[in-house]
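Structure at a glance
Here is what each chain is made of, one letter per residue.
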Amino acid sequence: MPRDIDRIEPLRRQIEKHNRLYHVEARPVISDREYDALLEELQRLEEKHPELVTPDSPTQRIGGEPISGFQAVEHAVAMLSIGNTYKLEGEKNSLRAWYNSTAKALGLATDEALAEPLFDDGGLALTLEPKVDGVAVSLRYEGGRLVRAVTRGDGQRGDDITQNVRTIRAIPLRLDAGAADIPAVLEVRGEIVMPNDEFARINAEREKAGEETYANPRNFTAGTLKQRDPKTVARRRLIFVAHGRGQVEPPACDTHSQFVELLRGLGIPVSPHAATVESFDQTVQYIEQFEIKRPTLAYGTDGVVIKVDRYDLRQQLGFTSKSPRWCVAYKYAAEQAVTKLLQVDWQVGKTGKLTPRATMAPVFVAGTTVTHATLHNYGEIQRKDIRLGDKVVIEKAGEIIPQVVQVVMAERPEDSKPIKPPDKCPDCKTPIETESDNEGKETLRCCPNPECDAQLRERLIWFAGRDQMDIEGLGEKVVHQLADAGLLKSFADVYRLQSRRGEMVQLERMGDGKVSNLL
Ligand code: IVH
């Protein structure tokens, strides 16, 4: 039986190894339960020997106290954005145009010439990676230890979210020294993302609890990383995919693909779908193949990032005012589907604005079944000539609420009916007011009654929301329930609920526990 203190360090290495097998190599060899048992054993030993606890022990991912605020931190190397393209071919703004101008800037003549090897080791090497639809962060390791995690912010400076990022198991707190030479300073950039199933699970729980839901996994991830309590972050299983670098001392690599291999060796997750190619045709092939693979990934992607692999060539290419010339993002078109428009309701917003909401025959698009879409305003309905009963093309781009793109005119039924905009507020029946742009297109239709009940409820939902008072348990359903019962008529009433406990516990599905939590 080894002594406790001799067991601690091997145990930590063992846990780190299993983290790596799970998150970097995607081949776990033990069950979650066995993993938890190792972690518990370490916890017990560290409780017995608190003097042996180190900040990068796997037990220290969740720090003690909630954070009071996020400090702004300057990036050592700016975090830029990248140029987008939506088409493969064409003279302007296409992937082909980017490729040709890149080749030209590097003195590599024309397309046909590029079929020939241009360097000793082949053509213009490009690394292709999924464009991960997450939240960008910069991780800074010094001497192999994670010292800081910063959001992108405005590109020059971001927020220090280290405490929250430390809870993400996919991100090592110390790098695997066994594998390679660790640069003294290593800034790794990448995306933090929430897997789709995790998003669906937590959002459903929130909905059940009457809490605000998030529109998409990216918003949910961003909201999570700004939580003041790292324990909340720890409960949401976020993952990380590295895709670039900031400051690295000593520089370590000559190419991006070498850098990615270095990261993999150090135990930092990189995309398993990355590839290095040497021609435009291979790039197009990759883009077409990845489009098929994309829906099977555990998390959202919205395109492919194409990067010149060699750092010396990147240097030669330099930057435009906004983004590097050495890379470009090819974005896939939003997924579309055709379905039948059944009904349009006018929803009253918190400022009185009326928004038409379409109900359609359920249709499966981009991973979920869709029944509602926004129609924006009456001007849009007129411009697109949308009628009830029409077949409509809807489009979903990352968001949960899709858009109606256009009507399939060829299939317009004879009995299609024009959509009649309301002349009275659907809730308080006050005559509505409209605004139009200078071409006469209606841009706004609203209920001018400041005491409108529907508006008040929307204002209360907003007031209790995440970015305002952040009152947990006071979501849409609960606001309606309390307002229906006459317990909520103003913001001030929120703070008077303490004295209405008796009435609250009588409400359906409320109960003692739920009321206590809310109060
Ligand atoms: S490389 C100079 N590679 O997309 C910036 N970015 O819309 C180089 N992103 O700011 C970025 N996946 O946050 C790169 N495989 C990938 C990416 C990726 C997602 C993000 C990144 C970037 C944003 C631009």
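Everything numeric here is computed off the predicted structure, so don't read it as measured data. (Residues numbered from 1 in each chain as written. Predicted model: local features only at pLDDT ≥ 70, side-chain atom pairs only at ≥ 80, totals over all residues. Heavy atoms only, no water.)

Let us look at the site of the ligand. The immediate surroundings of the ligand are formed by 13 residues, with Glu-129, Lys-131, Arg-152, Glu-191 and Lys-307 found nearest. Between a nitrogen atom of the ligand and a main-chain N or O atom of Pro-130, the distance comes to 3.1 Å. In the environment of the ligand, an oxygen atom lies 2.5 Å from a nitrogen or oxygen atom belonging to the side chain of Glu-191. Here the ligand, which alone exposes 530 Å², has 85% of that area covered by the protein. If you list the elements that add at least two residues to the shell around the ligand, you get β3 (126-132) and β10 (301-308). In terms of residue count, the dominant contributor to the shell around the ligand is β3 (4 residues). A per-class count over the shell around the ligand returns 7 nonpolar, 1 polar and 5 charged. (Near = heavy atom within 4 Å. Polar contact = N/O pair within 3.5 Å; in protein donor to acceptor, adjacent residues only side chain to side chain. Areas by Shrake-Rupley, 256 points an atom, 1.4 Å probe, with all protein chains shown as cover. Helix = DSSP H or I, 4+ residues; strand = E, 2+ residues; numbered from the N terminus. Nonpolar A, V, L, I, M, F, W, Y, C, P; charged D, E, K, R; others polar.)

Two elements in contact, helix α13 (residues 453-463) and helix α14 (residues 476-484), have axes separated by 9 Å at closest approach and are oriented at 135°. Here α13 is positioned oblique relative to α14, judged by the angle of their axes. Every pair of crossing elements has a handedness; the one defined by α13 and α14 is right-handed. The residues of α14 that touch α13, namely those facing Arg-457, Leu-460 and Ile-461, are Glu-476, Val-479, His-480, Ala-483 and Asp-484. Among the residues making up the contact of α13 with α14, the classes are represented as 4 nonpolar, 1 polar and 3 charged. (Axes fitted to C-alpha atoms, helices over the stretch in contact; angles between N-to-C directions. Parallel < 35°, antiparallel > 145°, perpendicular 65-115°, else oblique. Left-handed = near helix turned anticlockwise from the far one by under 90°. Contact = heavy atoms within 4.5 Å.)

This part is about the packing of aromatic side chains. As enumerated under the stated definition, the model contains 8 aromatic pairs in all. Ring centres of Tyr-330 and Tyr-332 lie 5.7 Å apart, and the angle between their planes is 90°; this geometry places the pair in the edge-to-face category. Here the aromatic residues Phe-199, Tyr-214 and Phe-220 are joined through ring pairs into a cluster of three or more. The ring centre of Tyr-378 lies 5.4 Å from the NZ or CZ of Arg-445, which sits over that ring. One Lys or Arg, Arg-466, reaches over the ring of Tyr-214 and ends 3.3 Å from the middle of that ring. (Phe/Tyr/Trp six-rings, centres within 6.5 Å; stacked < 30°, edge-to-face > 60°. Lys NZ or Arg CZ within 6 Å of the ring centre and 35° of its normal.)

Turning next to the confidence of the model for the protein. With 96% of its residues at a pLDDT of 70 or more, the protein shows a mean pLDDT of 90. For residues 112-121, every residue scores under 50 in pLDDT, and the model assigns this stretch 13 contacts once sequence neighbours within four places are set aside. (pLDDT = per-residue confidence, 0-100.)

Before going further, it helps to examine the nonpolar core. Judged by nonpolar contacts, the single largest core of 38 residues is most densely connected at Leu-139, Leu-186 and Phe-240. Elements that contribute at least two residues to this core include exactly β4 (135-142), β5 (145-151), β7 (185-193), α6 (196-208), α7 (217-225), β8 (239-249) and α9 (256-266). Per-element tally for this core: the top contributor is α9, with 5 residues. Not counting chain neighbours up to four residues away, the residues in contact with Leu-186 comprise Leu-139, Arg-140, Tyr-141, Leu-175, Gln-247, Val-248, Phe-259, Leu-263, Leu-266 and Ile-268. One finds Leu-88, Leu-108, Val-132 and Val-328 within the second-largest nonpolar core, a separate group that totals 32 residues. (Core = buried A, V, L, I, M, F, W, Y, C linked by side-chain atoms within 4.5 Å. Buried < 20%, exposed > 50% of the residue type's maximum accessible area, 1.4 Å probe, protein only.)

Time to look at the sheet that holds β5. Across the sheet, which stays open at both edges, the 4 strands sit in the order β5-β4-β7-β8 with antiparallel pairing between neighbours. Whereas interior strands pair on both sides, the edge strands pair on one side only; in this sheet they are β5 and β8. The average angle at which neighbouring strand axes cross in this sheet is 25°, direction not considered. Alignment of β7 against β8, held across 8 bridges, turns out to be antiparallel. In the strand pairing of β8, Leu-186 is matched with Val-248. With respect to the sheet, α7 is in contact with β4 and β7, its orientation differing from that of β4 by roughly 45°. The sheet contacts of α9 involve β7 and β8, and relative to β8 the element is tilted by about 115°. (Pairing = 2+ DSSP bridges.)

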